[in-house]
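Chain by chain, the residues:
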Number of protein chains: 2
Amino acid sequence: MSLTVGVIGGGQLARMMIPPAIELGIDIRVLAENAGESAGIAVTQLGDYRSVEDVLRFAQGVDVVTFDHEHVPQEVLRALVASGAAVHPGPDALLYAQDKLRMRERLTALGLPVPEWGAVSSIADLDVFIKAHGGRAVVKTARGGYDGKGVRVVSSGAEVADWFDDDDDPLLVEELVEFRRELSQMLARRPSGEIALWPLVESVQRGGVCVEVIAPAPGTSDRLREVAAEVATTIAAELGVTGALAVELFETTDDRLLVNELAMRPHNSGHWSIDGAATSQFEQHLRAVLDLPLGPTAAREPWSVMVNVLGGTSKNRYPAALADQPGAKYHFYGKEPRPGRKVGHVTAGGDELEEVVFRARAAAAFFED
Amino acid sequence: MSLTVGVIGGGQLARMMIPPAIELGIDIRVLAENAGESAGIAVTQLGDYRSVEDVLRFAQGVDVVTFDHEHVPQEVLRALVASGAAVHPGPDALLYAQDKLRMRERLTALGLPVPEWGAVSSIADLDVFIKAHGGRAVVKTARGGYDGKGVRVVSSGAEVADWFDDDDDPLLVEELVEFRRELSQMLARRPSGEIALWPLVESVQRGGVCVEVIAPAPGTSDRLREVAAEVATTIAAELGVTGALAVELFETTDDRLLVNELAMRPHNSGHWSIDGAATSQFEQHLRAVLDLPLGPTAAREPWSVMVNVLGGTSKNRYPAALADQPGAKYHFYGKEPRPGRKVGHVTAGGDELEEVVFRARAAAAFFED
């Protein structure tokens, strides 16, 4: 009954698909750019995800192709589909995770709540938007941004003059949303349509990078959870997303939910599910892209808190960390530490939120220099 | 902080160490006899575990050597230790998992409860023992038996005449214990002495092969659990066991606990812990052999039931199984199905034992032809 999943990209998301693949008896292959990447143990081909030839060769003999990242070009994706490969998520869906302008256009057309936004092609246009929105705005490159890169908060168009110089693509400009906090609604969807949602979580960002996730998001009303679930379900179904989907949301100071970003893959805001949910996002992603029935998504404990390890150390801190926090769940990605780099995460679970937050932070802190 | 664990043997126990190693950021290497074994994804050397040369070469560059099975000869183990390698469990402990006669001698010397036994070198001696124990007895080869192999229930010494022919080693003979059921007490022990015990479980055998495990064992008294824990702790400490230890026990019809077998590695009776315990036996084994502080071992749910998949099928039964039992946890070992072969297991968890048993059995049954 051998099923084979091919993952394009050798980063930590591909790495974290390997344990559930091993448990489920699913063969997993990874197309990585370099030897020694996070998913190295499963790498079966080194190659370039931008090369049609490399990607088509990789896809031979796998039942489905999926992704560690959203950077595979549309022309490569479409060549893959044309070759007869099963690709999940497919190019028509991935487009909206690759291009933030197309995403904003589509969500607006669907009537979904988004920040006020515009597509601007000149400093002058941008200044008009900024002036109309209180003198500050968020400017994003439509493509290629992640973890705070490709995003600037500006009070004048001149501050992104370099981005206009780069190419002719318009930039996305958005109102600077006054938000109380950021939330994330994750789900998985099968090609045949089944959807399973995890509990809504709170995601704490610092400098555009996720540092902590609390599952479930504390103090949410039934109504808020319903809206988040409805928004995410609509996006998944209307955009034809397959596999895991993260819908990052702003909870505004005036009690609205606005869609911030989309990720069509397992996502940092779902890492808590490895230890804290009945089915982890990595197992569920594999099930979803193989069009297998999805697993239950309920939390296994009242609270789970995930803290990223940023930067890290090359020293072995396990003896001290495990002595202090033996029950925390430690996850490292086999990456060399560099300042600010996500090298791992720690999850703690339990009945009392404050104590769980304390334990997760204490455990993670051992691994930061 | 790269730590490297080398596992001798490429079977399913080595395979199931890989997921927690990946999560913990521990490098794992496997010495396997053949390509394509269960732990194939981590195999870094093909070689013979009976060859000092192969094993010494494998041990270079790993922080600790541990095992998928107990068949590495003492002379190889001792050469490994002499080379300066950290070996857990070490040869002095492993001896008692390799040789059932030495095990019976040692446990008897420690005053631990075992069935009445003898070492017999002739059919005549064996007949004397059988006659003195009600006309039937269990005969075991001291070495090499597993899953019911090397074990026969006989009423006359002539029934194992072939075993006397084979070599001059004495056979182990034991009284045929009248037991109510079989239990297993698992623990892990670090070289520095720390011990953590999992809940006592019930192990259901058929034809000498474990088919089902219920965690915790239903209907046990505090006293029974205390005795089981004390026996296993004494064995671990007195024999100097490091890593995971399974103490298989008979609960007799007259309410005694007798030690049946020992296994010094993760064990089938602990597979439930992957999904059902705060720390799985595979993660704990890695922590223990690296002499890292151990994790909590409490059950995550009131009941966990593990059912082995024996024989199996080459067909993909996941669509039907997951549709029927989406919440069960499926584990397959990448093995070709053969009649009676353990190819995987399924674990279910929940509040009501009867229902959990039903779900685990139903899920496993999909994968048997």
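Here we summarise the structure given alongside this text.

1. Re the pairing of strand S14 (residues 257-263) of chain A
Residue and element names in this part refer to chain A.
Link 1 in the chain: Across the 7 residues of S14, 6 count as buried, placing the element largely inside the fold.
Link 2 in the chain: Sheet topology places strand S13 (residues 243-252) next to S14; 5 bridges connect them, and they run antiparallel. Bridge pairing in S14 places Phe250 opposite Leu258.
Link 3 in the chain: Between the antiparallel neighbours S13 and S14 lie 4 residues, among them Asp255 with a positive phi of about 65 degrees.

2. Considerations on helix H4 (residues 91-98) of chain A
Link 1 in the chain: For H4 of chain A, every residue scored as buried is listed here: Ala93, Leu94, Tyr96, Ala97 and Gln98 of chain A.
Link 2 in the chain: Buried-residue contacts for H4 of chain A involve helix H3 (74-82), helix H5 (100-109), helix H8 (222-239) and S14 of chain A.

3. Things to note about the sheet that holds strand S4 (residues 64-67) of chain A
All names here are of chain A.
Link 1 in the chain: Sheet architecture is open: 4 strands sit in the order S3-S2-S1-S4, paired in parallel fashion. Strands with a single pairing partner mark the edges of an open sheet, and in this sheet they are strand S3 (43-46) and S4. Pairwise comparison of adjacent strand axes, ignoring direction, gives a mean angle of 25 degrees for this sheet.
Link 2 in the chain: Bridge count between strand S1 (residues 4-8) and S4: 4 bridges; the pairing is parallel. Counterpart to Val5 in the pairing with S4 is Val64.
Link 3 in the chain: Most of the contacts of helix H2 (residues 52-59) go to S1, to which it runs at about 160 degrees, and overall it touches S1, strand S2 (27-32), S3 and S4.

4. Some points on the sheet that holds strand S7 (residues 151-154) of chain B
Residue and element names in this part refer to chain B.
Link 1 in the chain: Pairing is antiparallel across the open sheet formed by 4 strands, whose spatial order is S5-S8-S6-S7. At either end of the open sheet lies a strand with only one pairing partner, and these are strand S5 (117-120) and S7. On average, adjacent strands in this sheet sit at an angle of 25 degrees to one another, irrespective of strand direction.
Link 2 in the chain: Inspection of the sheet shows strand S6 (residues 137-140) paired to strand S8 (residues 171-175) by 4 bridges, in the antiparallel sense. Among the inter-strand pairings, Val139 is bridged to a residue of S8, identified as Val173.
Link 3 in the chain: Its contacts with the sheet put helix H5 (residues 100-109) on S5, S6 and S8, and the angle it makes with S8 is roughly 50 degrees.
Link 4 in the chain: Sheet strands in contact with helix H6 (residues 123-132) are S5, S6, S7 and S8, and its direction is about 165 degrees off that of S5.

Rules used in this analysis
Residues numbered from 1 in each chain as written. Chains lettered and ligands numbered in written order. Predicted model: local features only at pLDDT ≥ 70, side-chain atom pairs only at ≥ 80, totals over all residues. Buried ≥ 20, exposed ≤ 12 C-beta atoms within 10 Å, placed from the backbone. Helix = DSSP H or I, 4+ residues; strand = E, 2+ residues; numbered from the N terminus. Pairing = 2+ DSSP bridges. Contact = placed C-beta atoms within 7 Å. Axes fitted to C-alpha atoms, helices over the stretch in contact; angles between N-to-C directions.

Read these as spatial facts, not as claims about activity.
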